[in-house]
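Structural description and commentary
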Amino acid sequence: PLSFVVDALDECTSEPELTDFILSLARALRYPDLPVTHILLTSRSESHISKVMQNEERPLVREIPVRTSGEGGIISLDGADVDSDICTFLRHPFGELASRHHDFPQPSRDGLAKLASRAGRRFIVASTMMKFFIDDRGNDPHDRLQLMLKLTSELPGTEV
């Protein structure tokens, strides 16, 4: 069957447009000449998204709980699981950075935790931070890391 994945619906900023998008998908899936099609939508738990999906006369939506391997618990996309995943995500590019700049000290566990927290549980923010550190225009990545760690202590939210 034809399959589509739409990731991170909760990242959409316009609730009316997101509602229209979800309802358009639901209408399209009911079209009788459409071949068998699967659409996987991913999102954090957001009331406006849940509301539009539950208001369908014949719901085409099914929640799929994601379980962690071994533990059997549900992964919370709103909790510490995400911060831990972002720390893991950050370790790899910092390792690559250290291999290119031999004098680059790896951030401490606390430093990684601060950066992950500052990312606001958004991988795109963590990725943007890494692009800031790995700037190829001759800026010192260590100075940039220190600046980011300083800013994470001074600015609220993801305003860094």
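Residues numbered from 1 in each chain as written. Predicted model: local features only at pLDDT ≥ 70, side-chain atom pairs only at ≥ 80, totals over all residues. Heavy atoms only, no water.

The helix and strand tally for the protein stands at 6 helices and 2 strands. Going from the N terminus to the C terminus, the protein shows its helices and strands as β-α-β-α-α-α-α-α. A total of 160 residues make up the protein; the buried ones form 26% of that total. For the protein, contacts bridging at least 24 residues in sequence account for 68% of all contacts bridging at least 6. If you sum the accessible surface of the protein, you get close to 11000 Å²; carbon and sulfur atoms cover 54% of it. (Helix = DSSP H or I, 4+ residues; strand = E, 2+ residues; numbered from the N terminus. Buried < 20%, exposed > 50% of the residue type's maximum accessible area, 1.4 Å probe, protein only. Contact = heavy atoms within 4.5 Å. Areas by Shrake-Rupley, 256 points an atom, 1.4 Å probe, with all protein chains shown as cover.)

All right, on to the packing of helix 1 (residues 15-29) against helix 2 (residues 47-54) then. Closest axis-to-axis distance for the helix 1/helix 2 pair is 10 Å, and the angle between their directions is 30°. Of the possible angle classes, the one that applies to helix 1 and helix 2 is roughly parallel. Viewed along their axes, helix 1 and helix 2 form a crossing whose handedness is right-handed. Packed against helix 1, whose contacting residues are E15, L18, T19, I22 and L23, the element helix 2 presents H48, I49, V52 and M53 at the interface. For the contact of helix 1 with helix 2, the residue count by class is 6 nonpolar, 2 polar and 1 charged. (Axes fitted to C-alpha atoms, helices over the stretch in contact; angles between N-to-C directions. Parallel < 35°, antiparallel > 145°, perpendicular 65-115°, else oblique. Left-handed = near helix turned anticlockwise from the far one by under 90°. Nonpolar A, V, L, I, M, F, W, Y, C, P; charged D, E, K, R; others polar.)

Looking now at a nonpolar patch on the surface. There is a patch of nonpolar side chains on the surface, built from L29, Y31 and L34 and spanning about 260 Å² of accessible area. Checked against the element boundaries, L34 lands in the loop between helix 1 and strand 2 (37-41). (Patch = residues over 30% accessible without salt bridge, like charges linked within 9 Å, V, L, I, M, F, W, Y side chains within 5 Å. Salt bridge = Lys/Arg side-chain N within 4 Å of Asp/Glu carboxyl O.)

Pairs can form between side chains of opposite charge once their charged atoms are near each other. Evaluated as defined, the whole model comprises 2 salt bridges. R122 is the partner of E11 in a salt bridge, and the nearest nitrogen-oxygen pair spans 3.2 Å. Of this pair, E11 sits in the loop between strand 1 (2-6) and helix 1 while R122 sits in the loop between helix 4 (109-118) and helix 5 (123-133), and the two are 111 residues apart along the sequence. Residue R122 is classed as partly exposed on the basis of its relative accessible area, which comes to 28%. In this structure, K114 engages D110 in a salt bridge whose closest nitrogen and oxygen atoms are separated by 3.7 Å. Taken together, the positions of K114 and D110, both in helix 4 and 4 residues apart, correspond to about one turn of that helix. Of the residues examined, K114 reaches a relative accessible area of 37% and is grouped as partly exposed.

What follows is about the nonpolar core. With 19 residues, the main nonpolar core has I86, L90, F94, L115, F133 and L145 as its most contacted residues. Secondary-structure elements contributing two or more residues to this core are helix 3 (80-100), helix 4, helix 5 and helix 6 (141-154). In this structure I86 touches A116, A119, R121, R122, F123 and A126, once residues within four positions along its chain are discounted. In this structure, L9, L18, V52 and M53 belong to the second largest nonpolar core, which totals 6 residues. (Core = buried A, V, L, I, M, F, W, Y, C linked by side-chain atoms within 4.5 Å.)

All buried positions along helix 5 are accounted for by A126, M129, M130 and F133. Looking down the long axis of helix 5, one finds its buried residues gathered within 100° of arc, a one-sided arrangement. The exposed residues of helix 5 that point more than 90 degrees off its buried face are I124 and K131. (Arc of directions from axis to C-beta.)

Read these as spatial facts, not as claims about activity.
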